Every structure is written in structure tokens, then in C-alpha cells.
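Single-letter residue listing:
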Amino acid sequence: MTQIPQSIDEVQARLNDTGYVCGRALATVVFLSLKLGRPLFLEGEAGVGKTEIAKALAACLGRKLIRLQCYEGLDASSAVYEWNFPAQMIAIRTAEAGGGADRAALNAELFGPEFLIERPLLEAMRPDENGAPILLIDELDRTDEPFEAFLLEALSDFQVTIPEIGTIKAPEPPIVILTSNRTREVHDALKRRCLYHWVDYPGFEREVDILNARAPEVAETLSHQIVAFVQALRTEDIFKKPGVAETIDWAKCLLALDVVDLSPEVISDTLGAILKYQDDIQKLQGSEAKRILDNVSQSLDVA
Ligand SMILES: Nc1ncnc2c1ncn2[C@@H]1O[C@H](COP(=O)(O)OP(=O)(O)OP(=O)(O)O)[C@@H](O)[C@H]1O
Ligand SMILES: [Mg+2]
């Protein structure tokens, strides 16, 4: 079984090896969360690497990644377990057709492990030969408060009671990462259980490193231009700022078009890779793109 990292530097280095570029502050909170066994709650804008860190951590620790994708209306049964109703019905029909079914035996069988569908929270409590899995509870802000309250309890004792089977307790609690885009505030009680970190847009250097890690084929000059332009865009008054994911996507588009140098025309033609709202695109087409590009080129020349 892979050991958990023994220092902040080791967290950084091991995440780096998986292609995840991790700043010191994030590495610190990840290290502490592993060391103290506390859930890690990550908030931030879209596409800044919140979900990716859970994947990277699972990869570098060699642990299984179990993801609970949150959505409006998610309830405990879809998060923990469900009975396989169609399979139960077939079993009943088969028993009936065979005649003389032993009712008690049939009942016990119907509510046994064979008909139990394990959902992420239950799955995360099962022992794994590679060590406790990583449980990613993604986009928590999409669920509602009752589910949050339920989660609070589940995270505090990592056990589930299934009336027909009994109580199942995790031999070793999973490593929990929660993410939110902050479309609403998550309740304090839940936050209090976790270590918190706001994942911000990376600075210039780090975003260039990320781009190098994710799209190494992009030449240095172009990658600097791309990152500087996206960073400048984030300071503009637009509805939806591009995340790191958009930077990478854009770079890949430019690469596919054999672009070696940014120009206002190329930017206009490919804005759809970085901006996803028509109003934003309209605002940036033409002279605005040229203005930003001129500023960016100037600052890159000075640097
Ligand atoms: N620090 C980083 N190192 C390497 N790649 C990164 C980093 N940050 C973001 N990325 C890249 O950006 C992409 C988007 O990241 P991710 O899906 O984790 O964003 P997110 O914060 O979960 O966004 P959303 O809120 O939309 O779910 C990833 O596929 C990853 O390739
Ligand atoms: Mg995400």
C-alpha cells in the first residue's frame, strides 16, 4: 500500500508527477487533511482544478476514487444504497413458478447482498486492498439542505445502517474531498467538519506550468501569449470568466489550427473555446480583442 506523503513538499512533488500543478497553500491543506484525517472542502470558480485534485490524489496515492456527483434532488438512497427492485421481482416470480417457495428463506435472500446496489457512500466504506479510498463529493452546492444534513452525519461516523442487513462501518474512513462552485453557501456545520481552501485562478507562472503539463506540444511563446491573454480576460467585465480548463482547451484548438502567434483574427475565430456566453463573445470580438492583445504583447515584451 502506498504511504501517505510525509511533508508538504512531498505532496507537491507527488501531485506534480501526475501532472497536477499544486501551489504551496493547496499542498499544505491537502497534507493536513491526509495527516489529520479531516475532509477537505474546496471552493472556487469553475474549471480551476477542484475535481482534478481528487483524481490526481487518487492516482498518486494508488487509491480507488469514488465519486458522488451531486445534483438537485439527490437523496440518501441514491447516495448510499438501493435495492435492486427489478431483480427482486424476477426472483419472486421464479420462486412462485417453482411452487412451494419458502417465504422466510425467500425474504432473507431478497434483502441480502445479492440484491443490494451499493452507491458511492456505502462503496467508500468498504475496505480496499490499496487502502481507504478517496471519496469525492463533487459540486455539493447543487444539492439541498436536507441532503447536507444527512451528509454531515454520514461524514461524522462513517457507518450506515441498512435495516434488513445491519450496520456497516468503515474499517478505515475514506479520504474525503468536497467541492463547491459556491452557487450557494454550504452550511457552517458541514464546513466546520472540514479543512477549507479557496481554489483561486493560478498566477501567470503557475498557469504556464499547468499548460505545459497538460499540453506540452504548445510552444513557449504561444503558451505565454495564451496564458497572458486569458489572465487579462479575467480582469475584464465579463459574465463568465474562463477557467484553467478553458486555457487548456483554447491552446489545443490553436494547436489544431497550426497557430504560432496570437492575432486579433485568430482570437475572434476561436473565442468559443474560452468564452461560453454570446454576450461575452460579442463584447470581445473586434477591437476589444485587439486592445487586450496589444496590452498583453506589450507586457510580455517588457518581461
Ligand atoms: N493545477 C492544475 N494542474 C493541472 N491541471 C489542471 C490544474 N487546474 C486545472 N487543471 C485542468 O483543468 C481542467 C479542469 O479542472 P477541474 O475539472 O478540476 O475544474 P473544477 O474546478 O472541478 O471545475 P468545475 O467547477 O467546473 O467542476 C482539468 O481537466 C485539468 O486538466
Ligand atoms: Mg469540478
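In the annotation of an unreviewed UniProt entry, the entry for the protein reads MoxR family ATPase, and the organism field reads Thalassococcus lentus.

**Description of the overall build of the protein**
Looking only at helices and strands, one finds 15 helices and nine strands in the protein. Expected size for 303 residues packed as a compact globule is a radius of gyration near 19 Å; at 24 Å, the protein overshoots this value by more than 25%. Taken along its principal axes, the extent of the C-alpha atoms in the protein is 85 × 45 × 35 Å. Within the protein, the fraction of its 303 residues that count as buried is 31%. Long-range contacts, defined here as pairs at least 24 residues apart, represent 77% of the contacts in the protein between residues at least 6 apart.

**Notes on unusual backbone geometry**
Peptide bonds are mostly trans, and most non-glycine residues show a negative phi. If you check the backbone angles, Phe158 has positive phi at about 45° while not being a glycine. Within the secondary structure, Phe158 sits in the loop between α8 (145-157) and β6 (159-162). Assessed through the 19 C-beta atoms surrounding it within 10 Å, Phe158 is described here as partly exposed. Residues other than glycine seldom take positive phi values, yet Arg182 does so here, at roughly 60°. Examined against the element boundaries, Arg182 turns out to sit in the loop between β8 (175-180) and α9 (188-193).

**Some details on the site of ligand 1**
Around ligand 1, a shell composed of 19 residues is seen, among which Gly49, Lys50, Thr51, Glu52 and Ala245 lie nearest. Of all elements in the fold, only α3 (50-61), α10 (204-214) and α12 (244-256) reach the threshold of two or more residues within the shell around ligand 1. For the shell around ligand 1, a count of residues per class yields nine nonpolar, seven polar and three charged. If you count residues domain by domain, the shell around ligand 1 takes at least three from each of domain 1 (8-74 + 119-199) and domain 3 (204-295).

**Side note on the pairing of strand β5 (residues 134-138)**
Both faces of the sheet carry side chains from a regular strand, because those side chains alternate between them. With respect to burial, β5 is a largely interior element, four of its five residues being buried. Here strand β2 (residues 65-69) runs beside β5; their pairing, made up of five bridges, is parallel. When the bridges of β5 are listed, Leu68 appears paired with Ile137. In this sheet, β8 lies alongside β5 in parallel orientation, the contact comprising four bridges. Within the sheet, the bridge partner assigned to Ile134 lies in β8 and is Ile175.

**Here's the deal with the domain arrangement of the protein**
Here the protein is partitioned into domain 1 (8-74 + 119-199), domain 2 (81-114) and domain 3 (204-295). Here the C-alpha centroids of domain 1 and domain 3 sit 31 Å apart. Of the residues assigned to the side of domain 1 that touches domain 3, the class counts are three nonpolar, four polar and one charged.

**Describing the sheet that holds strand β9 (residues 195-199)**
One key point about sheets: their strands pair by backbone hydrogen bonds, in either a parallel or an antiparallel sense. Strand order in the open sheet made by the five strands is β2-β5-β8-β1-β9, with parallel pairing throughout. This sheet does not close on itself; its edge strands, each paired only once, are β2 and β9. Taken over all neighbouring pairs, the strand axes of this sheet differ in orientation by 20° on average, direction set aside. Contacts from helix α2 (residues 24-36) reach β1 (40-44), β8 and β9 within the one sheet, and its direction differs from that of β9 by about 155°.

**With respect to the pairing of β8**
Taken across its six residues, β8 has six buried, putting it largely inside the fold. Residues of β8 alternate between two faces, with Ile175, Ile177 and Thr179 on one and Val176, Leu178 and Ser180 on the opposite face, all of them buried. In the sheet, β1 pairs with β8 via four bridges, with the strands oriented parallel. What sits directly across from Glu43, in β8, is Ser180.

**Regarding the nonpolar core**
Core analysis: the biggest nonpolar cluster contains 67 residues, and Ile134, Leu135 and Ile177 have the highest contact counts within it. A domain split of this core shows at least three residues from each of domain 1 (8-74 + 119-199) and domain 3 (204-295). Excluding its chain neighbours within four sequence positions, the residues that come into contact with Ile177 are Leu40, Leu42, Ile53, Ala54, Ile134 and Leu136.

Parameters and conventions
Residues numbered from 1 in each chain as written. Chains lettered and ligands numbered in written order. Predicted model: local features only at pLDDT ≥ 70, side-chain atom pairs only at ≥ 80, totals over all residues. Helix = DSSP H or I, 4+ residues; strand = E, 2+ residues; numbered from the N terminus. Rg over C-alpha atoms; globule rule 2.2 N^0.38 Å. Buried ≥ 20, exposed ≤ 12 C-beta atoms within 10 Å, placed from the backbone. Contact = placed C-beta atoms within 7 Å. Near = placed C-beta within 6 Å. Nonpolar A, V, L, I, M, F, W, Y, C, P; charged D, E, K, R; others polar. Domains from an automatic or database assignment. Pairing = 2+ DSSP bridges. Axes fitted to C-alpha atoms, helices over the stretch in contact; angles between N-to-C directions. Core = buried A, V, L, I, M, F, W, Y, C linked by C-beta atoms within 7 Å.

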